[in-house]
Amino acid sequence: MSHDTIPQATPAPPSPEAGAASSSNATTTQQQQHRRHRLPNFLLSVNLKYVKLGYHYLISNLITLLLLPLLSFLFVHLDLLSLWSHFHYDHLLAVLAFSVLLVFALTLYFMTRPRSIYLLDYSCYRPPTHLQAPRHLFIQHSRLTGDFDDSSLEFQRKILERSGLGEETVVPEAMHSIPPRPSMQAAREEAEQVMFGALDNLFAATGVKPKDIGILVVNCSLFNPTPSLSAMIINRYKLRGNIGSFNLGGMGCSAGVISIGLAKDLLQVHRNTYAVVVSMENITQNWYFGNKKSMLIPNCLFRVGGAAILLSNKAADRRRAKYKLVHVVRTHKGAEDKAFRCVYQEQDDAGKTGVSLSKDLMAIAGDALKTNITTLGPLVLPISEQLLFFFTLIARKLLNFKIKPYIPDFKLAFEHFCIHAGGRAVIDELEKNLDLSEEHVEASRMTLHRFGNTSSSSIWYELGYIEAKGRIRKGHRVWQIAFGSGFKCNSAVWQALRNVKPSPKSPWLDCIDRYPVEIPA
């Protein structure tokens, strides 16, 4: 999901007859357009049902949270040998009943507690430097294709200038040809380079054999060939015949978190196994060659990238894992027509296919984010923040007190933030609305600058940036948050199990000393 403000044509000067009324109307229209391209102040309006949903998630695990301390108390404070001696002859049935109850409680606890999911490592694909597309070459190439009129070329130039992208982002090889060759074969080649490049590094870094993988989840929104991308991986690495294989399509930039959630659920069922998640997007067959402004923006922002993530539910893997998965919270606004159509693949009037971005996208993204963080809050915020937020909410919603809403401080819940690098405007507005510091959004801004919008894999490039800076310490919590078509907002929360070092062959290792860089306004 991405969006930057669309330049508007300059209106004609008002006639003298229009007078002050025309000037007033023009000012009002400009204000409305300005507001439409900004995230709403979503923390000022909270729906009580989403707070309830968050507390439902918390209460669902209450038995597990309470049962273990209770059993510990019984073992510490009760002299079981004395009880046995006292009841050995006179109350044998009571002793047996207590023993059965204890065994049942222990069995219930160990059978129902969720298995811990560990992230052993991940690998982000580093595109080759010879495919880089600096801004001037991008515009020059677009002009040479002959597909774009002067207005569209100027529009793309303005978008690129304020997009936050640097000069080293990469477009696929097929787009470097004159004319471009968006063929099925070229799209397959792009997919293979990204997926296999990331997976080769992942298997080499972890030492895990492909035959040991029990679950494979691949997500790519706009390229879904037959056989599937997951089948291409199975064929390449000769994965075992009974592997649980899943291929997710059409789910947008937030599909990476959805894939993590699916892998987590599958690892709760399948014991002692590994799961691999591959998140990517394919550009070759999804470049737009028309002149509709709302469909040109993806050309300017989306770039080549992908990530492969290795998860495990084996208790022994905790010692070598980087992170433990704490929460996955998903929000879907697809029941609302505006949300459903705000990121929409379609044909323009000339029959050319592309992805159209609605002018209401920022407002819809803000609403989805509001819902997501309201649900996530009770799971991650300290008790003090929860109480302040909850009592203020009750006072405003139920008692109609005219008091200022309390905005929870999510910086108390997380040390690091990986905000999907969908576009500069999204990052800027989240920084403002969540009251984040420059350092909190640095990883997102620098990922957008260095690699562009890599869709569902962007949150992994951002985590790689934070690791390369040496900022993640044992116990630190990381919040990954992504937006996608549908419309969706999804969150994943991780906790570091050690002081984390960057992964081998991280795409940041040879350039991290140059960052952060100044992003022109």
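Calculation notes
Residues numbered from 1 in each chain as written. Predicted model: local features only at pLDDT ≥ 70, side-chain atom pairs only at ≥ 80, totals over all residues. Heavy atoms only, no water. Helix = DSSP H or I, 4+ residues; strand = E, 2+ residues; numbered from the N terminus. Expected span 1.5 Å × (residues − 1). Buried < 20%, exposed > 50% of the residue type's maximum accessible area, 1.4 Å probe, protein only. Pairing = 2+ DSSP bridges. Right-handed = clockwise from strand over helix to strand, strands pointing away. Phe/Tyr/Trp six-rings, centres within 6.5 Å; stacked < 30°, edge-to-face > 60°. Lys NZ or Arg CZ within 6 Å of the ring centre and 35° of its normal. Axes fitted to C-alpha atoms, helices over the stretch in contact; angles between N-to-C directions. Parallel < 35°, antiparallel > 145°, perpendicular 65-115°, else oblique. Left-handed = near helix turned anticlockwise from the far one by under 90°. Contact = heavy atoms within 4.5 Å. Nonpolar A, V, L, I, M, F, W, Y, C, P; charged D, E, K, R; others polar.

With respect to helix H14 (residues 383-397)
In step 1: Taking 1.5 Å per residue as the helical rise, H14 with its 15 residues ought to reach 21 Å, and the 21 Å between its terminal C-alpha atoms agrees with that figure.
In step 2: The set of residues buried in H14 consists of Glu385, Gln386, Phe389, Thr392, Leu393 and Ala395.

Side note on the pairing of strand E2 (residues 213-219)
In step 1: When you tally the buried positions in E2, you get seven out of seven residues, the bulk of the element.
In step 2: Pairing geometry for E2 and strand E4 (residues 274-280), over six bridges, is parallel. Looking across to E4, one finds that Leu216 is bridged to Val276.
In step 3: Both E2 and strand E3 (residues 244-248) contribute to a ladder of five bridges, which runs parallel. Of the residues in E3, the one forming a bridge with Val217 is Phe246.
In step 4: Viewed along the sheet, the connection from E2 through helix H9 (residues 229-237) into E3 turns out right-handed.

Overview of the packing of aromatic side chains
In step 1: Under the counting rule described, the total for this entry stands at 16 aromatic pairs.
In step 2: Between Phe410 and Phe414, the aromatic rings sit 6.5 Å apart at their centres with planes inclined by 5 degrees, giving stacked as the arrangement.
In step 3: According to the relative accessible area criterion, Phe410 is buried, its value standing at 3%.
In step 4: In textbook terms, an aromatic cluster arises when at least three aromatic residues are bridged by ring pairs, as seen for Phe451, Tyr461, Tyr465, Trp508 and Tyr515.
In step 5: The ring of Tyr237 is capped by Arg236, whose NZ or CZ atom sits 5.6 Å from the centre of that ring.
In step 6: The ring centre of Tyr344 lies 4.0 Å from the NZ or CZ of Arg341, which sits over that ring.

Some remarks on the packing of helix H7 (residues 150-161) against helix H11 (residues 293-301)
In step 1: For the pair H7 and H11, interaxial distance at closest approach is 10 Å and the crossing angle is 50 degrees. For the element pair H7 / H11, the angle class is oblique. H7 and H11 meet at a crossing whose hand is right-handed. Within the contact between the two elements, H7 uses Ser151, Ser152, Phe155, Gln156, Ile159 and Leu160 and H11 uses Lys293, Leu296, Ile297, Asn299 and Cys300.
In step 2: For the contact of H7 with H11, a count of residues per class yields six nonpolar, four polar and one charged.

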